[in-house]
Every structure is written in structure tokens, then in C-alpha cells.
Amino acid sequence: MKLNARIFVNALNASDILESCRLTEMSTERNIEGYTIYEDGISIDESLLYIVRDPFLLDTFHKNRNREHITVVCLFAQEPGSYEDKWDYLFLKKNVTLDQALEKLEDIVEFYNRWERELSFSLTKVGTISDLCRISLPVFQNPIMVHKWDYEVVGSAQAPGMCFQHSITEPETNYLNESETKELFFRRDYLQAKNFTTPQYWMDDDEIDIYCNIFDEDMEYWGRIVVYGVNGIPTEGHLVLLQVLGEAVKTLAMKNVFHRSGNRELFKQFVLDFFRSPQMFQREKLLNVMQMNGWKQKDRFF
């Protein structure tokens, strides 16, 4: 699995061996496939993370200025001086030895490679979206939920220490808690959030979550993955990893979805259903379709 500096920052912080870091905008790009020890004169590969043992070697390393983006792990504290604008620097605590650093980096690489293998295996055997969520619990250390555009929950996972704070669905249904969805209908920030194509933070009164929108092949909004920050605030590294989970969920979802002809066609169908059987009509589903088109309950439609 390709990693980046932000993912390594996550893992090194969790192990309490990271002292500080200097990250660039390019640190979100997943291009790291392995690591090696920097030695003067070796050829440089941008797909590798480099371990630098002392400041003198770092100065030598800086001569490779023709390289666009390099990630460096330093076995010494950050010092005043010049640093490459397009490089990411991770400074380990001074008591960390080279052997300890190598062992930890190996653990990190293997952890995420194993996660990628498990996601791929689940997709190959056509597992469930809940399977993908369960496999991802050790990565996010927080409960995970996936819902469709109409707020039907199609997958979730939690574990001891990583539990939802309350029931996320209405009793005896697979639909999100009505008290939450009613509030969301009229929140402009929520309506705008459906347009983002990359993972984002969602800040509520007492919790900070992250989410990733899923779009179908026609770029219509299919649904959303939410990682609830009940067990600690998700980091920017988690945002990157959520994109990986989002790609897996989309792959599985698109295997089972019947492409919709558009939200307005759904609105038309719901209106016809109402005239056919008004006593069986599900009002909340109609409100969902209205909201998907930016309509409010008292808007003029024609």
C-alpha cells in the first residue's frame, strides 16, 4: 500500500517516538512504498522514505534539490537552518536508536499492507460494507458507519472502546435516527458538505468526526462514510486513510447498486406512489428526495 508522511506521523505519534515534523502540502500524496537508510552518494527514489542519522548527512542529502518531493525521518532534533520547501521532515525523539526506528517503520508498513490485503480479499469474495468497516476499526480506532443518500445505514462497525454514543438508527429500521436527519434537512453546511469529493472534517457541538462522500459512476451522490470521533479526534492522516476505505466501499456498493435515473425521477415516482396508496406512503423518504434537490417543505415547486 502506498503511504505518505501524514500516515507515518499518525503511527509514530501513537508510538510516542515523534518529536516534531515539518509537513508540506504534498504530504497528502500517497507515494511512499518503502524505506531505506540514507547514505551519501546513493541514488534517490521518491517512492522511498529516507532515514537520516545526523545533521551532516542531511546537509549532504539537500544537494539532491532536483527531487520534487522527498520524505525524511531524522534521528535527531529539529535544528534552526534551511529546509527544502517541497520535502517532508519527521524528527524522532533523541533516545530513539536506528534499530528501533527501522523496527517501527517495518511495523507501520506491514500494518497498512495487511489492511489493504484484507480490504482486497473482502472485495474479491464480495463481502459486505460492514465487513469493510470492521476490517478498518484498528486503522481509525473509532466507530464507523456508512449510509446511503436516503439515510439507510448499509454498514457499520464498533468494538469495546470504540462504540457509538447512542443508537444510530430508528428502532426496528435500518434508517438513521430521525432526530438527527430532521435537523440536517435545514443545515446549509450539511447540504454543502455533499459536494466534497475528498474526505473532510465534520464538527458538531461535542464531537469532531470525519466523513467521505461516495459518488456513483455518473458522479451522483450515493452516500457517505462517517468515522465518529468518540475515541479521540481523527487526524489528517486519518483523512488520507478514509479515502482508501472510500474507494473500497464505492467498489463494493457499485457492484450491487441499480443506477438511479436521477433525483427528480425519484421525486416523480414518490408522488405517483402517494396517489396510488396514500396510507402506505413514507413521508420521510419524500423529504429526503426534496432535500437532495435543495427543496424545503414550503418551497414552490412549479
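For the structure itself, look to the data block above.
Visitor: Sorry if this is basic, but what is going on with the side chain of aspartate 209 here?
Guide: Mapping aspartate 209 onto the fold places it in strand β9 (residues 208-215). One buried charge, aspartate 209, has no salt-bridge partner; the nearest side chain with opposite charge is arginine 224, at 9.1 Å. A polar side-chain atom of aspartate 209 sits 2.9 Å from the main-chain amide nitrogen of glycine 229. Beyond its immediate stretch of four places on either side in the chain, aspartate 209 contacts Gln200, Tyr201, Trp202, Val226, Val227, Tyr228 and Gly229.

Visitor: Would you explain the environment of histidine 62 in this entry?
Guide: Summarising the element assignment, histidine 62 is placed in the loop between α2 (55-61) and β4 (71-74). Exposure remark for histidine 62: the relative accessible area of 4% places this residue in the buried category. Along the chain, histidine 62 and serine 82 lie 20 residues apart, while their C-alpha atoms are 9.4 Å from each other. The contact partners of histidine 62, leaving out residues within four places of it in the chain, are Ser82, Tyr83, Glu84, Trp87 and Tyr89.

Visitor: Looking at this structure, how should I read helix α3 (residues 98-124)?
Guide: Counting along an α-helix, one turn takes 3.6 residues, and residues three or four places apart therefore face a common direction. Helix length check: α3, at 27 residues, gives a terminal C-alpha distance of 39 Å against a target of 39 Å (1.5 Å per residue), a fit within 8%. Residues of α3 that are buried: Ala101, Leu105, Ile108, Val109, Tyr112, Trp115, Leu119, Ser122 and Leu123. Valine 126 sits one or two positions beyond α3 and adopts a positive phi of about 55°.

Visitor: Sorry if this is basic, but what is going on with unusual backbone geometry here?
Guide: With the exception of glycine, most residues fall at negative phi, and the peptide bonds are largely trans. Phi at aspartate 16 is positive, roughly 60°, even though this residue is not glycine. Residues other than glycine seldom take positive phi values, yet methionine 219 does so here, at roughly 60°. Counting through the fold element by element, methionine 219 comes out in the loop between β9 and β10 (221-227). Note on methionine 219: relative accessible area 52%, which makes it exposed.

Visitor: What am I meant to see in the pattern of salt bridges here?
Guide: Once the charged atoms of two side chains with opposite charge are near each other, the side chains can pair. One pass over the full model with this rule turns up eight salt bridges. Notably, a salt bridge pairs aspartate 16 with lysine 93, separated by 2.8 Å at the nearest N-O pair. Here aspartate 16 is found in the loop between α1 (5-14) and β1 (18-22), whereas its partner lysine 93 is found in the loop between β5 (88-92) and α3, with 77 residues between them in sequence. Judged by relative accessible area, which is 52%, aspartate 16 ranks as exposed. In this structure, lysine 125 engages aspartate 131 in a salt bridge whose closest nitrogen and oxygen atoms are separated by 4.0 Å. Accessibility expressed as a relative area gives 18% for aspartate 131, which makes it buried. Here the salt bridges share partners, and the residues they tie into one network are Glu110, Arg114 and Arg117.

Visitor: I keep staring at the sheet that holds strand β7 (residues 153-157) and nothing clicks. Help me out?
Guide: Whether parallel or antiparallel, the strands of a sheet pair through hydrogen bonds between backbone atoms. The strand order across the open sheet formed by five strands is β7-β6-β10-β9-β8, and the pairing between neighbours is antiparallel. Every interior strand has two partners, whereas the edge strands, β7 and β8 (200-203), have only one. The average undirected angle you get between the axes of adjacent strands in this sheet is 25°. Lying over the sheet, helix α4 (residues 129-140) contacts β6 (144-148), β7 and β10, oriented at roughly 35° with respect to β7.

Visitor: Can you help me understand the packing of α3 against α4 in this one?
Guide: Geometrically, a packed helix pair is captured by the angle between its two axes and the distance between the axes. Two elements in contact, α3 and α4, have axes separated by 10 Å at closest approach and are oriented at 175°. When the axis of α3 is compared with that of α4, the two are roughly antiparallel. Mapping the contact onto sequence places Phe111, Tyr112, Trp115, Glu118, Leu119, Ser122 and Leu123 in α3 and Asp131, Leu132, Ile135, Ser136, Pro138, Val139 and Phe140 in α4. A class-by-class count of the residues in the contact of α3 with α4 yields ten nonpolar, two polar and two charged.

Reading guide: rules and limits
Residues numbered from 1 in each chain as written. Predicted model: local features only at pLDDT ≥ 70, side-chain atom pairs only at ≥ 80, totals over all residues. Heavy atoms only, no water. Helix = DSSP H or I, 4+ residues; strand = E, 2+ residues; numbered from the N terminus. Buried < 20%, exposed > 50% of the residue type's maximum accessible area, 1.4 Å probe, protein only. Lys, Arg positive; Asp, Glu negative; His and termini not counted. Salt bridge = Lys/Arg side-chain N within 4 Å of Asp/Glu carboxyl O. Polar contact = N/O pair within 3.5 Å; in protein donor to acceptor, adjacent residues only side chain to side chain. Contact = heavy atoms within 4.5 Å. Expected span 1.5 Å × (residues − 1). Pairing = 2+ DSSP bridges. Axes fitted to C-alpha atoms, helices over the stretch in contact; angles between N-to-C directions. Parallel < 35°, antiparallel > 145°, perpendicular 65-115°, else oblique. Nonpolar A, V, L, I, M, F, W, Y, C, P; charged D, E, K, R; others polar.

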